[in-house]
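Fold and contact review
Single-letter residue listing:
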Amino acid sequence: MKKILIATGGGDCPGLNAVIRGIVKSAALEGGWQVFGCIESFNGILKDEIEIVELTEERVSGLHVKGGTIIKTTNKGGPFQFPVRQADGSWIVEDRSQLMKKRLEELGIEAVINIGGDGSQAISLGLSKIGINVVGVPKTIDNDLSSTDFTFGFQTAVQIATECFDKIVTTAESHNRVFIMEVMGRDAGWIALHTAIAGGAEVCIIPEIPYDPHKIVEKIETRYQHGMGFCNIVIAEGAKALDGKVTGTDPTAIGDRHIKLGGVGEKLKHELLDLGIEHDVRVTTLGHLQRGGTPIAFDRILATEFGVKAFELVRDGKYGNLVTYRQPNISYVPIEEALKEPHLVNPDKDFLIHTARRIGMSLGD
């Protein structure tokens, strides 16, 4: 029996379990394959006590409707920067990639399928370069990988954000308020832009377009007459004012290299108040609501297709590649090519930007 090891890394998102199910069911139908899950990304094989579980058809039955990942995930550490506690209580990070390679060989693992975003796929590329058979599956609710039209989880995140926004609109109108809703999006504004257009926001602030608070004030005031009116704003967590600075805190966890974004909605609120806005301004931050829950049908289907294709790449020995979706086809590209540049909103070319402006939406510029 040939063996495959699956890992899910980075933030969780709806559809991860559907990918796992697609891999396992494809392998079972092919015959001659065993599939294992590595607990908490690659930590399961890097820790002193190995923690992997066999994934059978029975274990993944009905899994496509369940959010999260049954094999857990993490965005800390990894084979090239694994956190290790020293005798004095301090922490260091060490390269355990060769240990991982050795353990895979000892366990008879034929290939690794790594499901994750750009950080996880950078690890996939590194593992490929040291001779480990790797296939990548793109996963990010930010939809910021340039090799694929969509990543699974994105459409569900937009749906959740839009449903929340719809509820905010009614309370804003009832109370003559300005509502700012902060959504996820570190470098890419896709969630914010889709949500703003779907929900009918008056203002949308994304990382790709630095915002001027004065312009936002001007838009807000067009929404009020004699103190009556309302205005709804969607802002991505990675949005930047004209000074180019993001809002967040430095990471504190060992092995975590990402600035913890958050608070840009509150920052914008105080900027508006400082400019003299007299309306009642409220902020709602969706946070991890966008990552949780049941994937919508689109993401269940896409994730299942990704799982099937990932297994077929392993079966055919086409390692070092990332599964992709180029409508209407499921294909693949070299992982290195997929990581060359992120998929960001292009303010000058993307029709969604044109659409937003043509319906009178302010983008803060």
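Residues numbered from 1 in each chain as written. Predicted model: local features only at pLDDT ≥ 70, side-chain atom pairs only at ≥ 80, totals over all residues. Heavy atoms only, no water.

Points about the overall build of the protein chain
The helix and strand tally for the protein chain stands at 11 helices and 17 strands. For 365 residues, the compact-globule estimate of 2.2 N^0.38 gives 21 Å, and the protein chain sits close to it at 22 Å. Classification of the 365 residues of the protein chain by burial places 52% in the buried group. The contacts in the protein chain between residues at least 6 apart in sequence include a share of 72% that link residues at least 24 apart. Carbon and sulfur atoms make up 48% of the accessible area of the protein chain, which amounts to about 16000 Å² in all. Charged side chains in the protein chain number 39 positive and 48 negative. The centres of these two groups are separated by 3 Å. (Helix = DSSP H or I, 4+ residues; strand = E, 2+ residues; numbered from the N terminus. Rg over C-alpha atoms; globule rule 2.2 N^0.38 Å. Buried < 20%, exposed > 50% of the residue type's maximum accessible area, 1.4 Å probe, protein only. Contact = heavy atoms within 4.5 Å. Areas by Shrake-Rupley, 256 points an atom, 1.4 Å probe, with all protein chains shown as cover. Lys, Arg positive; Asp, Glu negative; His and termini not counted. Charge placed at Lys NZ, Arg CZ, Asp CG, Glu CD.)

Re the environment of Gly200
As for its position among the elements, Gly200 is in the loop between helix H6 (190-199) and strand E9 (203-205). A residue is classified by how much of its surface remains accessible, and Gly200, at 39% relative accessible area, is partly exposed. Between the C-alpha atoms of Gly200 and Ala356, which are 156 residues apart in sequence, the distance is 9.4 Å.

Some points on the sheet that holds E9
The parallel open sheet is built from 4 strands, whose spatial order is E9-E12-E8-E15. Lying at the two open borders of the sheet, with one neighbouring strand each, are E9 and strand E15 (280-285). Along the sheet, successive strands turn relative to each other by an average axial angle of 15°, direction set aside. Against the sheet, H6 engages strand E8 (177-183), E9 and strand E12 (231-236), with an angle of about 170° to E9. (Pairing = 2+ DSSP bridges. Axes fitted to C-alpha atoms, helices over the stretch in contact; angles between N-to-C directions.)

Regarding the packing of H6 against helix H11 (residues 351-358)
Where H6 contacts H11, the two axes come as close as 11 Å, and the packing angle between them is 40°. In terms of their interaxial angle, H6 and H11 are classed as oblique. Between H6 and H11 lies a crossing of left-handed hand. Residues Trp190, Leu193, His194 and Ile197 of H6 pack against Leu352, Ile353, Thr355 and Ala356 of H11. For the contact of H6 with H11, a count of residues per class yields 6 nonpolar, 2 polar and no charged. (Parallel < 35°, antiparallel > 145°, perpendicular 65-115°, else oblique. Left-handed = near helix turned anticlockwise from the far one by under 90°. Nonpolar A, V, L, I, M, F, W, Y, C, P; charged D, E, K, R; others polar.)

Some details on the side chain of Asn232
Residue placement: Asn232 occurs in strand E12. Asn232 gets classed as buried once you look at its relative accessible area, which sits at 1%. In contact with Asn232, other than residues within four places in its own chain, are Phe165, Ile168, Val169, Ala172, Phe179, Ala201, Glu202 and Val203.

Some points on unusual backbone geometry
Cis geometry marks the peptide bond from Gln327 to Pro328; its omega dihedral reads 5°. You can see Pro328 is positioned in the loop between strand E16 (321-326) and strand E17 (329-334). The phi angle at Glu40 is positive, at roughly 60°, despite the residue not being glycine. For Glu40, the location among the structural elements is in the loop between strand E2 (33-38) and helix H2 (43-46). Backbone geometry at Ser41 places phi at a positive 60°, although glycine is not the residue there. Secondary-structure assignment places Ser41 in the loop between E2 and H2.

Considerations on the packing of aromatic side chains
On inspection of all chains with the given rule, the structure shows 4 aromatic pairs. Here the aromatic rings of Trp33 and Phe311 are separated by 5.4 Å at their centres, their planes lie at 85°, and the arrangement is edge-to-face. Highlighted residues: Trp33 in strand E2 and Phe311 in helix H9 (residues 297-315), separated in sequence by 278 residues. By the burial criterion, Trp33 is buried, and Phe311 matches it. With a centroid separation of 5.9 Å and an interplanar angle of 15°, the aromatic rings of Phe150 and Phe154 are classed as stacked. Given a relative accessible area of 0%, Phe154 falls into the buried group. An aromatic cluster is built from Phe150, Phe154 and Phe298, whose rings are joined through pairwise contacts. (Phe/Tyr/Trp six-rings, centres within 6.5 Å; stacked < 30°, edge-to-face > 60°.)

Some remarks on the sheet that holds E16
Spatially, E3-E2-E1-E6-E7-E16-E17 is the arrangement adopted by the 7 strands of the open sheet, whose pairing is mixed. Only two strands of the sheet have a single partner each, and these edge strands are strand E3 (52-54) and E17. Each adjacent strand pair in this sheet contributes to an overall mean axis angle of 30°, direction not counted. In this sheet, E2 lies alongside strand E1 (residues 2-8) in parallel orientation, the contact comprising 5 bridges. Counted as the bridge partner of Lys2 is Trp33 from E2. The strands touched by helix H4 (residues 118-129) within the sheet are strand E6 (109-116), strand E7 (134-138) and E16, with E6 carrying the most contacts at an inclination of about 155°.

Notes on the pattern of salt bridges
In total, this model carries 13 salt bridges according to the counting rule given. In this structure, Glu57 and Lys25 form a salt bridge, with 3.9 Å as the shortest nitrogen-oxygen distance. Taken as a pair, Glu57 in the loop between E3 and strand E4 (82-85) and Lys25 in helix H1 (residues 16-30) lie far apart in primary sequence, 32 residues in all. Since its relative accessible area comes to 38%, Glu57 is described here as partly exposed. (Salt bridge = Lys/Arg side-chain N within 4 Å of Asp/Glu carboxyl O.)

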